[in-house]
Amino acid sequence: MDSELNSGQRKIIHIDMDAFYASVEQRDNPQYRGKPIVVGGAPTGRGGVVATASYEARKYGIRSAMPSKKALELCPDVIFIRPRFDAYKEASQKIREIFHRFTDLIEPLSLDEAYLDVTQDKQHIGSAIKIAQLIKSSIKSELQLTASAGVSINKFVAKIASDLNKPDGLTFIGPSAILEFMEQLPVEKFHGVGKVTAEKMKSMGLHTGADLKRLEEDALVSHFGKVGRFYYRVVRGIDTRAVEPHRETKSLAAEDTFPVDLTGIEEMNAELEKIATTVCTRLEKYQIRGRTITLKIKYSDFKQITRNQSFPMPIGDLETILNTAKQLLAATDPEHKKIRLLGISISNFGEIVRAERPGKSAQLELFPIA
């Protein structure tokens with residue numbers, strides 16, 4: 001890589017484990033190997049959601065955050081497995097130990113992915129591509145798991161690169177290739193662009209990075225808010241964010257914009273249940289709890305309000321999150337109102353004791369899911 005880099009450029013690796021929870025289950029349980037499995041809630045009763053699907057299950061269209069009932073419809077033979085977070089945390093700790101052989105500049109995003117800054121690596125290897133290869137081979141030989149890696153000069157491009165050749169991939173996007181790569185990138189592939197935002201972009205004739213690049217910064221901010229400034233920079237290959245080993249999570253959220261405005265309390269509560277389930281699943285994934293639940297409501301006229309409730313102790317169970325969100329909604333007198341978006345967030349994590357390595361912190365999605 002590194003003949004292409006100037007002395008002032010960073011060497012960033014993004015490591016993303018392949019179907020992490022499902023891969024750990026298939027490693028530890030030979031009877032699951034080669035079969036479509038889902039780690040997450042069972043489809044019975046109110047039904048759970050998919051935390052991770054094996055690659056065998058993904059062939060049927062099963063994806064993370066999908067309702068388990070939908071996964072069962074897509075693949076009647078799929079095997080549902082309750083998460084074993086202790087096993088995933090143990091594997092994650094061993095992966096981090098491998099990272100630390102090469103650098104201490106590690107920014108975990110979750111149990112299964114992280115950024116590494118190897119501009120100055122401990123073993124004086126000098127090549128980020130070589131380091132990524134060594135990390136991948138060590139994970140495979142020592143833990144019997146596979147990882148995909150993206151290598152570039154900044155976090156944004158490295159993260160996108162790691163997703164291009166999954167599973168077990170390694171993709172390098174060097175400085176001379178970044179501008180062309182970003183121009184050709186579909187807008188839905190931009191990290192932080194959710195489904196609704198992507199649809200809005202496409203309705204404006206913005207299908208690729210090249211299309212975004214035609215807009216001035218002020219226009220992007222006008223259409224997309226503060227994140228427009230970020231789009232303006234990254235589409236030009238500019239991302240100056242450093243790898244932050246001690247970055248703390250401030251909040252965790254999920255929200256949904258509805259194709260048809262909600263007008264009845266029953267359908268509002270039904271949507272809240274789906275959103276609360278997603279939030280609860282993510283809390284489990286990141287192994288955190290919070291003291292404050294915030295409900296976000298956007299009406300058909302685009303007026304937006306938030307309501308919150310705090311607790312003396314950290315909470316993270318579905319029943320408390322859902323019931324609190326319903327109570328906060330009821331207090332807004334929602335009957336006879338048209339609601340186009342609902343969201344739930346958890347914050348005020350305080351002194352959370354995480355099971356990972358001391359000093360580890362989790363960073364969630366860069367932007368809320370649209």
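Residues numbered from 1 in each chain as written. Predicted model: local features only at pLDDT ≥ 70, side-chain atom pairs only at ≥ 80, totals over all residues. Heavy atoms only, no water.

### Let's talk about the packing of helix H1 (residues 20–28) against helix H4 (residues 85–99)
Angle between the axes and distance between the axes are the two parameters that describe a pair of packed helices. Direction vectors running N to C along H1 and H4 enclose 100 degrees, while the axes themselves pass 10 Å from each other. Judged by the inter-axis angle, H1 sits roughly perpendicular to H4. Only Phe-85, Ala-87, Tyr-88, Ala-91, Ser-92 and Ile-95 of H4 make contact with H1, whose side of the interface consists of Phe-20, Tyr-21, Val-24 and Glu-25. (Axes fitted to C-alpha atoms, helices over the stretch in contact; angles between N-to-C directions. Helix = DSSP H or I, 4+ residues; strand = E, 2+ residues; numbered from the N terminus. Parallel < 35°, antiparallel > 145°, perpendicular 65-115°, else oblique. Contact = heavy atoms within 4.5 Å.)

### Re the sheet that holds strand E2 (residues 37–40)
Read across the sheet, 3 strands follow the order E3-E2-E4 without closing on themselves; strand pairing throughout is mixed. One side of each edge strand has no neighbouring strand; the edge strands of this open sheet are strand E3 (50–53) and strand E4 (79–81). Across this sheet, the average inter-strand angle for adjacent strands is 30 degrees, counted without regard to direction. In this structure, E2 lies alongside E4, joined through 3 bridges in parallel fashion. (Pairing = 2+ DSSP bridges.)

### Some details on the packing of aromatic side chains
Within this structure, the stated rule accounts for 8 aromatic pairs. Ring centres of Phe-85 and Tyr-88 lie 5.8 Å apart, and the angle between their planes is 80 degrees; on these two criteria the pair is classed as edge-to-face. With Phe-85 and Tyr-88 both in helix H4 and 3 residues apart, this pair spans about one turn of that helix. Residue Tyr-88 is classed as buried on the basis of its relative accessible area of 0%. For the pair Phe-156 and Phe-190, a centre-to-centre distance of 5.8 Å together with 55 degrees between the ring planes defines the contact as tilted. (Phe/Tyr/Trp six-rings, centres within 6.5 Å; stacked < 30°, edge-to-face > 60°. Buried < 20%, exposed > 50% of the residue type's maximum accessible area, 1.4 Å probe, protein only.)

### Some thoughts on the sheet that holds strand E8 (residues 170–172)
Strands pair in a sheet through their backbones, by hydrogen bonds, and they do so in one of two ways: parallel or antiparallel. The sheet built from 5 strands is open, its strands ordered E5-E6-E1-E7-E8 with mixed pairing. Both edges of this open sheet fall to strand E5 (106–110) and E8, since each of them pairs with a single strand only. Strand-to-strand twist across the sheet, computed as the mean angle between neighbouring axes with direction ignored, equals 15 degrees. Here strand E7 (residues 147–152) runs beside E8; their pairing, made up of 3 bridges, is parallel. Each residue of the ladder has a partner; that of Gly-150, found in E8, is Thr-171. On top of the sheet, helix H5 (residues 128–143) reaches strand E1 (12–17), strand E6 (113–117), E7 and E8; it is set at about 170 degrees to E7, its chief contact.

### Examining a negative patch on the surface
Side chains of Glu-266, Glu-267, Asp-333 and Glu-335 sit close together on the surface and give a patch of like negative charge. With respect to the helices and strands, the residue Glu-335 is situated in the loop between helix H13 (318–330) and strand E12 (339–347). (Patch = residues over 30% accessible without salt bridge, like charges linked within 9 Å, V, L, I, M, F, W, Y side chains within 5 Å. Areas by Shrake-Rupley, 256 points an atom, 1.4 Å probe, with all protein chains shown as cover. Salt bridge = Lys/Arg side-chain N within 4 Å of Asp/Glu carboxyl O. Lys, Arg positive; Asp, Glu negative; His and termini not counted. Charge placed at Lys NZ, Arg CZ, Asp CG, Glu CD.)

### Focus on the pattern of salt bridges
Taken as a whole and judged by the stated rule, the model has 21 salt bridges. Measuring nitrogen to oxygen at the nearest pair gives 3.0 Å for the salt bridge that ties Arg-84 to Asp-28. Taken together, the residues Arg-84 in the loop between E4 and H4 and Asp-28 in helix H1 connect sequence positions 56 residues apart. The class for Arg-84 is partly exposed, based on a relative accessible area of 34%. Note that Asp-168 is salt-bridged to Lys-136, the shortest N-O span being 2.7 Å. Residue Asp-168 is found in the loop between helix H6 (155–162) and E8, and its partner Lys-136 is found in helix H5; the two are separated by 32 residues along the sequence. Each of Glu-25, Arg-27, Asp-28 and Arg-84 takes part in a single network of salt bridges with overlapping partners.

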